[in-house]
Amino acid sequence: MRVMGVDPGLTRCGLGAVEGRPGAPLTLVAVGVVRTGADEELGSRLVGIEAGIEKWLDDVRPDAVAVERVFSQHNVRTVMGTAQAAGIAVLCAARRGLPVALHTPSEVKAAITGSGTADKKQIGAMVTRLLRLAEMPRPADAADALALAICHVWRGGAQHRLAAALAKATRKGSGP
């Protein structure tokens, strides 16, 4: 299963893709960020994020997309921008008919490090180790996107296969 993870943000939207299955070694497919300028208008920034994600979807060709679930933060402005970028990622994947999963930061941290309160350095170190990389992916947004993809391979893949099988069985049972 090939999964593209998205760590949403307006200034830096982390993107990472891995291939693998639960219980087997994972392989890095790609990692990077889409950047927009803080001085750009919101609409231009969202268009830039959309274009970057669309290019990634074309290049990586994932089976599923995992996006960080936006949670309440004290800074409303930050959470709004993050939510807008997350919405763009969901839209781009849905437009292509790709399954989309939302994972909370604590869920990802627990899946990757064993602790739902792990810090960025711990996440980066475990991503580096799990993917057998020579160095930690930078910036942290890119490592977080890989962590989302890994989390989904380990936790979300089975859920999506079950949902797809159920949907297929339901369609067969509702025919003429």
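Treat the numbers as computed from the prediction; the structure is a model and nothing was measured. (Residues numbered from 1 in each chain as written. Predicted model: local features only at pLDDT ≥ 70, side-chain atom pairs only at ≥ 80, totals over all residues. Heavy atoms only, no water.)

> I'd like a description of the UniProt feature "active site" (unreviewed entry) in the protein, backed by residues and values.
Within this structure's numbering, the places UniProt gives as "active site" (unreviewed entry) are Asp-7, Glu-68 and Asp-141. Taken together, the annotated residues stretch across 135 residues yet fold into one region, lying no more than 11.0 Å apart by C-alpha. If you trace the backbone, Asp-7 turns up in strand β1 (residues 2–7). Apart from residues lying up to four places away in sequence, Asp-7 is in contact with Arg-12, Cys-13, Gly-14, Glu-68, Asp-141, Asp-144, Ala-145 and Leu-148. The residues touching Glu-68, leaving out its near neighbours within four places in the chain, are Val-6, Asp-7, Pro-8, Ala-86, His-103, Pro-105 and Leu-148. (UniProt positions renumbered as here; feature names shortened; annotations may be inferred. Helix = DSSP H or I, 4+ residues; strand = E, 2+ residues; numbered from the N terminus. Contact = heavy atoms within 4.5 Å.)

> Please give an account of the UniProt feature "binding site: Mg(2+) 1" (unreviewed entry) in the protein that cites residues and values.
On the UniProt side, "binding site: Mg(2+) 1" (unreviewed entry) is annotated at positions that read Asp-7 and Asp-141 here. Inspection of the secondary structure puts Asp-141 in helix α5 (residues 140–173). Using a relative accessible area of 13% as the deciding quantity, one classes Asp-141 as buried. Of the polar contacts made by the side chain of Asp-141, one reaches the side chain of Arg-12; its length is 2.6 Å. (Buried < 20%, exposed > 50% of the residue type's maximum accessible area, 1.4 Å probe, protein only. Polar contact = N/O pair within 3.5 Å; in protein donor to acceptor, adjacent residues only side chain to side chain.)

> Tell me about the packing of helix α3 (residues 105–113) against helix α4 (residues 120–130), and name the residues and values.
Between α3 and α4, whose axes approach to 9 Å, the crossing angle comes to 50°. Classified by the angle between their axes, α3 and α4 sit oblique to one another. Where α3 crosses over α4, the handedness of that crossing is left-handed. On α4, the residues touching Lys-109, Ile-112 and Thr-113 of α3 are Gln-122, Ile-123, Met-126, Val-127 and Leu-130. Residue composition of the contact of α3 with α4, grouped by class: five nonpolar, two polar and one charged. (Axes fitted to C-alpha atoms, helices over the stretch in contact; angles between N-to-C directions. Parallel < 35°, antiparallel > 145°, perpendicular 65-115°, else oblique. Left-handed = near helix turned anticlockwise from the far one by under 90°. Nonpolar A, V, L, I, M, F, W, Y, C, P; charged D, E, K, R; others polar.)

> Requested: an account of the nonpolar core, with residues and values cited.
In terms of nonpolar packing, the biggest core is built from 22 residues, with Val-6, Leu-15, Ile-49 and Ile-53 touching the most fellow members. With near-sequence residues (within four places) excluded, Ile-53 lies in contact with Met-4, Cys-13, Leu-15, Val-34, Ile-88, Ala-89 and Cys-92. Listed in part, the 19 residues of the second largest apolar core include Val-3, Ile-123, Leu-131 and Ala-149. (Core = buried A, V, L, I, M, F, W, Y, C linked by side-chain atoms within 4.5 Å.)

> Pulling in residues and values, what's your account of the side chain of His-152?
With respect to the element layout, His-152 can be found in helix α5. Since its relative accessible area comes to 0%, His-152 is described here as buried. Only 3.0 Å separates the side chain of His-152 from the side chain of His-103, close enough to count as a polar contact.

> Give a description of the sheet that holds strand β3 (residues 27–35) that names residues and reports values.
Reading across from one edge, β3-β2-β1-β4-β5 is the order of the five strands in this open sheet, with mixed pairing throughout. Looking at strand neighbours, the two that pair on one side only are β3 and β5 (100–103), the edges of this open sheet. The mean angle between the axes of side-by-side strands here comes to 20°, regardless of whether they run parallel or antiparallel. Direction of pairing for β1 relative to strand β2 (residues 12–19): antiparallel, over a ladder of six bridges. Within β2, the position partnered with Met-4 by the bridge is Ala-17. Taken strand by strand, helix α2 (residues 76–95) contacts β1, β4 (64–68) and β5, and its axis lies near 170° from that of β4. (Pairing = 2+ DSSP bridges.)

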